[in-house]
Structure formats: structure tokens, C-alpha cells
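Report on the structure
Listed here are the chains, written in short residue letters.
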Amino acid sequence: MTTPLELQDIAVEIATEAGDLALRRRTEGVAIAASKSTLADIVTEADREVEALIRERLAAARPDDGFVGEESGNAEGESGVTWIVDPIDGTVNYAFGMPSYAVSIAAVTGPVDPGEWTALAGVVHAPALGETFRAAAGHGAWLGGRRLAVTTDAPAGALLATGLGYDSATHAGDLETLGRAMPLARDIRRIGAASLDLAFVAAGRLDGYFERGLKPWDVAAGRLLVDEAGGKTGWFEPDAFGRPLTIVAAPELFERLRAAILG
Ligand code: IPD
């Protein structure tokens, strides 16, 4: 039986190689390969290439595990462990030359559903920022040699992050949600990569984060980072557009955010 720490080490090694490739492709220029849900929701050639690399490395290291990737689909495994992969989270940042993008790799067990799985290990590696956030279940969340902890006090109001996604039909509703959270906020950040929003909450760089419509690969590694840093993570019922709501923060702020947003 492989331990969460061993899975974490595999994820760190593969995410580092994948991040190097993403960074290299970025300096060579980025080609947009296609649009996904909307014209604004893009995939680059690099997303596909980086995911292919991760998939190949995981298949070599862990041939019996399942795989769920943003770009190349799912494969069931036999070991009970499934890898959930976003090769480049923050693709629009990546395409625009902003440094806030990350390779996100997590190992989970149980159903491929963020409301039901148990996360075992997770890595959010941001090559252009030179930062690798990692967590293994029961062993804490770490950035290099620093153990991460969520903030527990926000006397000037909470520094919150959110995202509005790439479908303009949902923006009005998301702005309404933002309006409900604002009384708790010191200010708002929109970083553009959900995995980094989650890592930054774990690291105490943000007090909390909420967003509708995230996908399993956006949250798999980052939510484990927050849990292991002493935070609380929620994955709530989808709205009328079928978008589940993610909320993460320290436990007390989490409850206040939940009440403000959901009533
Ligand atoms: C996106 C980013 C973004 C969030 C979107 C995600 P992608 O992931 O995490 O911050 O607002 O909902 O789809 O497409 O860049 O991997």
C-alpha cells in the first residue's frame, strides 16, 4: 500500500517536469488550440502537451491507478487511487503572459466527485512564480520548508478571492453573490487560477475564496492544501446553471461566508 507521502513525492516530481515544459512553451509563444465551453474558455497546445506528459509519467510510475484530466479524459484504474490533473490551471493567464498559472496534480480515492472523494496527496506547482505547494493527508501543507496555516483573524475584514468564469451568461449571478460576500471583505482579488486561489488560502495570503462552476481538476489538489492547513472546504449544490459552489476559509470565516452567500 503506497502512503500519501509517497504519492505526494510522485506528484511533486511529475509536476516539476510538467511545469518546466509549460514554462518553456510559454517562452516560445503560445498557440491557442481550441475553445471549450465558450469562446473565452480556451485550451492551448501547451495544455494538451503538458497533460500528455503527466499522463505518460503517471502511467509509468503508477500503472494501476485511474486518471482524470482536464484535456484528455478519464481512464479507470484498479488500485483504488485516481489522479486528478489540470495541466495548466489558469490557461487564460498563461495565454496572456501572466505568471499566475499552475500545474495541479492530486491523488484521490473514492468516487471522482469533489463532494465524495478522499484526497490523499496534492501538488500545485506554479513554474513562473517558482513555487510548489504540496500536501499529503495527515502530514500538513507545505511550501518548501514552511508548514502552511490558514489565517484565523481578519480584523480589517477578510481578503477574499473569487472568480467569475468564462461564460458571460453567469456573470450577473456571480456579481450578486459577490455583493452578498462584500460586507465581510476588506477587498477582493481575482487571481485567475483556482488552484492558486486555494493554495494562497492555505498559505495565509488570502483569508477566503469562493467560486461557482469549478471542475474536479481545479480543486482536487488545492482543497487538500486548505484542509491540511487547518481550513474548511465546502462543495455545495449546483445553481440553476449546474455550477457547484466552492467555499474555503478558516472554519469561523467559512461559516460566515456560507451564511452570507447561501442564506
Ligand atoms: C479556470 C481557472 C479560473 C476559474 C475557471 C477555471 P482553467 O481553469 O481556474 O480561475 O475561474 O472557472 O475553469 O480552464 O484555466 O484550467
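A brief look at the structure comes next. (Residues numbered from 1 in each chain as written. Predicted model: local features only at pLDDT ≥ 70, side-chain atom pairs only at ≥ 80, totals over all residues. Heavy atoms only, no water.)

Notes on the site of the ligand
Near the ligand lie 15 residues; those nearest to it are Asp89, Gly90, Thr91, Ala194 and Glu211. Contact between the ligand and Asp86: an oxygen atom at 3.0 Å from a side-chain N or O atom of the residue. Backbone polar atom of Ile88 to an oxygen atom of the ligand: 3.4 Å apart, as the coordinates give it. With the chains in place, 94% of the 370 Å² that the ligand exposes on its own is no longer accessible. Of all the elements, strand 5 (residues 81-89) adds the most residues to the shell around the ligand, at three residues. Here the shell around the ligand is composed, by residue class, of four nonpolar, four polar and seven charged. (Near = heavy atom within 4 Å. Polar contact = N/O pair within 3.5 Å; in protein donor to acceptor, adjacent residues only side chain to side chain. Areas by Shrake-Rupley, 256 points an atom, 1.4 Å probe, with all protein chains shown as cover. Helix = DSSP H or I, 4+ residues; strand = E, 2+ residues; numbered from the N terminus. Nonpolar A, V, L, I, M, F, W, Y, C, P; charged D, E, K, R; others polar.)

Some details on the environment of Thr233
With respect to the element layout, Thr233 can be found in strand 14 (residues 232-236). In this structure the C-alpha to C-alpha distance between Thr233 and Asp218, which are 15 residues apart in sequence, comes to 14 Å. Here Thr233 is in contact with Arg223, Val226, Asp227, Ile247, Val248 and Phe254, once residues within four sequence places are set aside. A polar side-chain atom of Thr233 sits 3.3 Å from a polar atom in the side chain of Arg223. At a separation of 3.2 Å, a polar atom in the side chain of Thr233 contacts the side chain of Asp227. (Contact = heavy atoms within 4.5 Å.)

Topic: helix 7 (residues 251-262)
In a regular helix each residue adds 1.5 Å, so 12 residues correspond to 16 Å; helix 7 covers 16 Å between its end C-alpha atoms and thus fits that length. Leu253, Phe254, Leu257 and Ile261 are the residues of helix 7 that are buried. Taken around the axis of helix 7, the buried residues stretch over an arc of 105°, which confines them to a single face. One or two positions beyond helix 7, positive phi appears at Gly263, with a value near 85°. (Expected span 1.5 Å × (residues − 1). Buried < 20%, exposed > 50% of the residue type's maximum accessible area, 1.4 Å probe, protein only. Arc of directions from axis to C-beta.)

With respect to the sheet that holds strand 10 (residues 146-147)
Strand order in the open sheet made by the eight strands is 4-3-5-6-7-8-9-10, with mixed pairing throughout. Two strands close off the open sheet at either side, each with one partner strand: strand 4 (73-75) and strand 10. Bridge count for strand 9 (residues 141-143) against strand 10 is two bridges, and the pairing is antiparallel. Within the sheet, the bridge partner assigned to Leu143 lies in strand 10 and is Arg146. The sheet strands contacting helix 2 (residues 45-61) are strand 3 (66-69), strand 4, strand 5 and strand 6 (102-109), and the helix crosses strand 5 at an angle near 155°. Sheet contacts for helix 6 (residues 216-228): strand 3, strand 5, strand 6, strand 7 (118-126), strand 8 (131-136) and strand 9; angle to strand 7, the most-contacted strand, approximately 100°. (Pairing = 2+ DSSP bridges. Axes fitted to C-alpha atoms, helices over the stretch in contact; angles between N-to-C directions.)

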